[in-house]
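Single-letter residue listing:
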Amino acid sequence: MYYNETSNRKRESMVYKKIYKKIKQYDNIVIARHVGADPDALASSIGLKELILNTFPNKNVFVVGKQTARFKYLGVLDKAPDDLTNCLLIITDTPDKKRVDGINPDNFNYTIKIDHHPFIESFCNIEWMDATACSASQMIIELALKTKLKINKEIAEKLFVGVVADTNRFLYSYTTAKTFSLISKLIDKTGLDFTNLYEQMYIKSYNDIKFSGYIALNLNITDDGLGYIKLDDQILKEYNVDASTPGNLIENFGYIDEIKVLIFLTEDTANNFIKCQIRSRGPVINDTATHFNGGGHAMASGAKTVDFEQGDELIEELNEKCREYNIGK
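Description of the structure in this document. (Residues numbered from 1 in each chain as written. Predicted model: local features only at pLDDT ≥ 70, side-chain atom pairs only at ≥ 80, totals over all residues. Heavy atoms only, no water.)

Quick word on the sheet that holds strand β12 (residues 300-305)
Now for step 1: Pairing within the open sheet is mixed, and its six strands lie in the order β7-β8-β9-β10-β12-β11. Of all the strands in the sheet, the pair left with one neighbour each is β7 (220-221) and β11 (295-296).
Now for step 2: Inspection of the sheet shows strand β8 (residues 226-231) paired to strand β9 (residues 261-268) by six bridges, in the parallel sense. Note on β9: the bridge partner recorded for Gly227 is Leu262.
Now for step 3: Lying over the sheet, helix α7 (residues 206-218) contacts β7, β8 and β9, oriented at roughly 125° with respect to β8.
Now for step 4: On top of the sheet, helix α11 (residues 308-328) reaches β8, β9, β10 (273-280) and β12; it is set at about 170° to β8, its chief contact. (Pairing = 2+ DSSP bridges. Helix = DSSP H or I, 4+ residues; strand = E, 2+ residues; numbered from the N terminus. Contact = heavy atoms within 4.5 Å. Axes fitted to C-alpha atoms, helices over the stretch in contact; angles between N-to-C directions.)

Rendered as structure tokens:
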């Protein structure tokens, strides 16, 4: 069953009920999200787990995937149960099967997908897709407010963080009236104090600040408006940061006037690939990201390359995007 953002109100009501019914039906539930988890992926999956346990305390609920130290404040992850035969799998914030982290959806009796990315493929029994939603966390808030799932202040805080992170503090164009309406209802219902959450989200170490200085001094900008930097493991060690740090800093450089598209290419020795974070202020980039083992949104995407040489190919494709965008203006 596939439900998307063009569904009418009656069909939307149906998907809320169907998801809630399946959650109620299964005693063992596994929740997964995409590889290279960001705050929205973690907040939506961990927030959903806590919603389920707050409503059905006797259920066994596991959030799986690789732990991300930077976002550990959102909650710790679990080891999947050995026997998946009678488990429900819910996948948040993930449009395609190959990007599900830590679990194979084919091993489950029943699967549900809750995702806000543009459609890539169908692989679950129930697929609730809403590319107009700003985040998967927004969709979990909506599910909580439209069903008998019991939300509290602690859960609301996690989901708020997911929304804020994926909208960059409500700056992106896919922040809609619906986003603000749901957040308003969340605050009214739970007494959420969002002011204290920002410090936790945006506080940075002195090493991060020094590393930002290195990026600013070494950022390359092409004549067509592509900003890029290659960050190898030696540089990361020199500044005592890990491979996830550049992705946490990229938003700081998103409003440089001369740059239309920005990409950070970071060597990730633990996983043996080059991690690529891409942001845009005009050209659509997610189609290019899909050519390099990635994807995402029109203006914010990620990709992976096997080495910096393949990364150069990605740089060239993105520069061509900038060139075509400039011609079309």
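Next comes the rest of the description.
A look at helix α3 (residues 136-146)
One full turn of an α-helix is made of 3.6 residues, so residues set three or four places apart face in the same direction.
Now for step 1: Most of α3 sits inside the fold, with nine of its eleven residues counted as buried.
Now for step 2: Looking only at α3, the buried set comprises Ala136, Ser137, Gln138, Met139, Ile140, Ile141, Glu142, Leu143 and Ala144. (Buried < 20%, exposed > 50% of the residue type's maximum accessible area, 1.4 Å probe, protein only.)

Comments concerning the packing of helix α4 (residues 153-167) against helix α6 (residues 195-202)
Packed helix pairs are specified by the crossing angle of their axes together with the interaxial distance, meaning the distance between the axes.
Now for step 1: Where α4 meets α6, the axes come as close as 11 Å, and the angle between the chain directions of the two elements is 60°. Considering their axes alone, α4 and α6 lie oblique with respect to each other. In terms of crossing hand, the pair formed by α4 and α6 is right-handed. Between α4 and α6, the contacting residues are Glu157, Phe160, Val161, Val164 and Ala165 on the first element and Leu197, Tyr198, Met201 and Tyr202 on the second.
Now for step 2: Residue composition of the contact of α4 with α6, grouped by class: eight nonpolar, no polar and one charged. (Parallel < 35°, antiparallel > 145°, perpendicular 65-115°, else oblique. Left-handed = near helix turned anticlockwise from the far one by under 90°. Nonpolar A, V, L, I, M, F, W, Y, C, P; charged D, E, K, R; others polar.)

With respect to the packing of aromatic side chains
Now for step 1: Counted by the stated rule, this structure contains eleven aromatic pairs.
Now for step 2: Both rings, one in Phe160 and one in Phe170, keep their centres 6.3 Å apart while their planes meet at 55°; by these two values the pair is tilted. Taken together, the residues Phe160 in helix α4 and Phe170 in the loop between α4 and α5 (177-190) connect sequence positions ten residues apart. Here the two residues Phe160 and Phe170 agree in accessibility, since each one is buried.
Now for step 3: With a centroid separation of 6.5 Å and 5° between ring planes, the pair formed by Phe211 and Tyr214 is classed as stacked. Placement of the pair is Phe211 and Tyr214 together in helix α7, with a separation of three residues, close to one helical turn. Comparing Phe211 with Tyr214, the two get one shared label, buried.
Now for step 4: One aromatic cluster in this structure is built from Phe160, Phe170, Phe180, Phe194, Tyr198 and Tyr202. (Phe/Tyr/Trp six-rings, centres within 6.5 Å; stacked < 30°, edge-to-face > 60°.)

Considering the environment of Asp27
Now for step 1: Following the sequence through the fold, Asp27 ends up in the loop between α1 (9-25) and β2 (28-32).
Now for step 2: Residues Asp27 and Asn60, spaced 33 residues apart in sequence, show a C-alpha to C-alpha distance of 6.1 Å.
Now for step 3: In contact with Asp27, other than residues within four places in its own chain, are Lys59 and Asn60.

Some points on the environment of Thr176
Now for step 1: Structurally, Thr176 is set in the loop between α4 and α5.
Now for step 2: Thr176 sits 42 residues away from Cys134 along the chain, and the two C-alpha atoms are 7.5 Å apart.

Brief notes about α7
Now for step 1: For α7, which comprises 13 residues, the first-to-last C-alpha distance of 19 Å matches the rise-based estimate of 18 Å (1.5 Å per residue) to within 8%.
Now for step 2: Among the residues of α7, Asp208, Phe211, Ser212, Tyr214 and Ile215 are the ones counted as buried. Seen end-on, α7 carries its buried residues on one side only, within an arc spanning 160°. Turned more than 90 degrees away from the buried face of α7 sit Tyr206 and Leu217, all of them exposed.
Now for step 3: Those residues of α7 that are buried lie in contact with β8, α8 (233-238), α9 (245-249) and β9. (Expected span 1.5 Å × (residues − 1). Arc of directions from axis to C-beta.)

Re the packing of helix α2 (residues 39-55) against α4
Now for step 1: The contact between α2 and α4 brings their axes to 8 Å, and the two run at 160°. On the basis of their axis angle, the class for α2 and α4 is roughly antiparallel. Seen along the crossing, α2 lies across α4 with a hand that is left-handed. The residues of α4 that touch α2, namely those facing Pro39, Asp40, Ala43, Ser44, Ile46, Gly47, Glu50, Leu51 and Asn54, are Ile155, Lys158, Leu159, Val161, Gly162, Ala165 and Asp166.
Now for step 2: In the contact of α2 with α4, the residues fall into eight nonpolar, four polar and four charged.

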